[in-house]
Amino acid sequence: MPKKLVIKVTAGADSAERCSQAFTAAAVAVASGVEVSLWLTGESSWFALPGRAAEFELPHAAPLPDLIESIRAGGRITLCTQCAARRDITEQDVLEGVRIAGAQVFVSEIMADDVQALVY
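Residues numbered from 1 in each chain as written. Predicted model: local features only at pLDDT ≥ 70, side-chain atom pairs only at ≥ 80, totals over all residues. Heavy atoms only, no water.

As named in an unreviewed UniProt entry, the protein is Sulfur reduction protein DsrE, taken from Streptomyces gelaticus.

Trainee: Just to check I follow, could you spell out the nonpolar core for this structure?
Mentor: Note on soluble globular proteins: their nonpolar side chains tend to be buried together. F23, L38, L40, F47, L64, I68 and L79 are the most contacted members of the largest nonpolar core, which has 32 residues in total. When contributions to this core are tallied by element, the ones reaching two or more residues are β1 (4–9), α1 (16–31), β2 (35–40), α2 (64–74) and β3 (76–80). By residue number, the principal contributor to this core is α1, which donates eight residues. Sequence-distant contacts of F47, that is, excluding residues within four places in its chain, are made with G12, A13, C19, F23, L40, R52, A53, F56, L64, I68 and L95. Counting residues in each nonpolar core, the second largest holds five residues, with V6, W39, A101 and V115 among its members. (Core = buried A, V, L, I, M, F, W, Y, C linked by side-chain atoms within 4.5 Å. Buried < 20%, exposed > 50% of the residue type's maximum accessible area, 1.4 Å probe, protein only. Helix = DSSP H or I, 4+ residues; strand = E, 2+ residues; numbered from the N terminus. Contact = heavy atoms within 4.5 Å.)

Trainee: Before we go on, may I ask you to explain the side chain of E109 in this structure?
Mentor: With respect to the secondary-structure elements, E109 resides in helix α4 (residues 103–111). Taking relative accessible area as the criterion, E109 reaches 10% and is therefore assigned buried. Within polar-contact distance, the side chain of E109 engages the side chain of S37 at 2.6 Å. For E109, the residues in contact, after removing those within four places along its chain, are K4, V6, S37, W39, R99 and V115. (Polar contact = N/O pair within 3.5 Å; in protein donor to acceptor, adjacent residues only side chain to side chain.)

Trainee: Mind showing me how you'd approach the pattern of salt bridges here?
Mentor: Applying the stated criterion across every chain, the model contains seven salt bridges. For E35, the salt bridge goes to K4, with nearest N and O atoms at 4.0 Å. With a gap of 31 residues between them, E35 in strand β2 and K4 in strand β1 connect regions that are remote in the sequence. Using a relative accessible area of 45% as the deciding quantity, one classes E35 as partly exposed. Its salt-bridge partner being E109, residue K4 comes within 3.8 Å of it at the nearest N-O pair. Here the residue K4 occupies a position in strand β1, and E109 occupies one in helix α4, the gap between them amounting to 105 residues. The pair K4 / E109 is uniform in exposure class, with both members buried. (Salt bridge = Lys/Arg side-chain N within 4 Å of Asp/Glu carboxyl O.)

Written out as structure tokens, the structure reads:
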């Protein structure tokens, strides 16, 4: 099993099932003891903001706020720099513990030894 899992989620409410799958996989990995780095890009960027996950609904899926809390508790969540800028999101706007970083950091994470990367 890889020592670290990097997940990039590009979907938000626009593709609810794909979005939920990414957050679920990240939360399950954290609960399994895997080091997780979840990247919010595209429409998932909105979930870096307080309260936005509570607006997300998908029948028969775990509540997104609960998944985010479990990921934050044992992993890292990063908001894409360009995605944040396009949405006028700043570091002062995001949930506690969410960092804003760019492609250089993402590439550095996924190129490290013993890393598995997934894109949803």
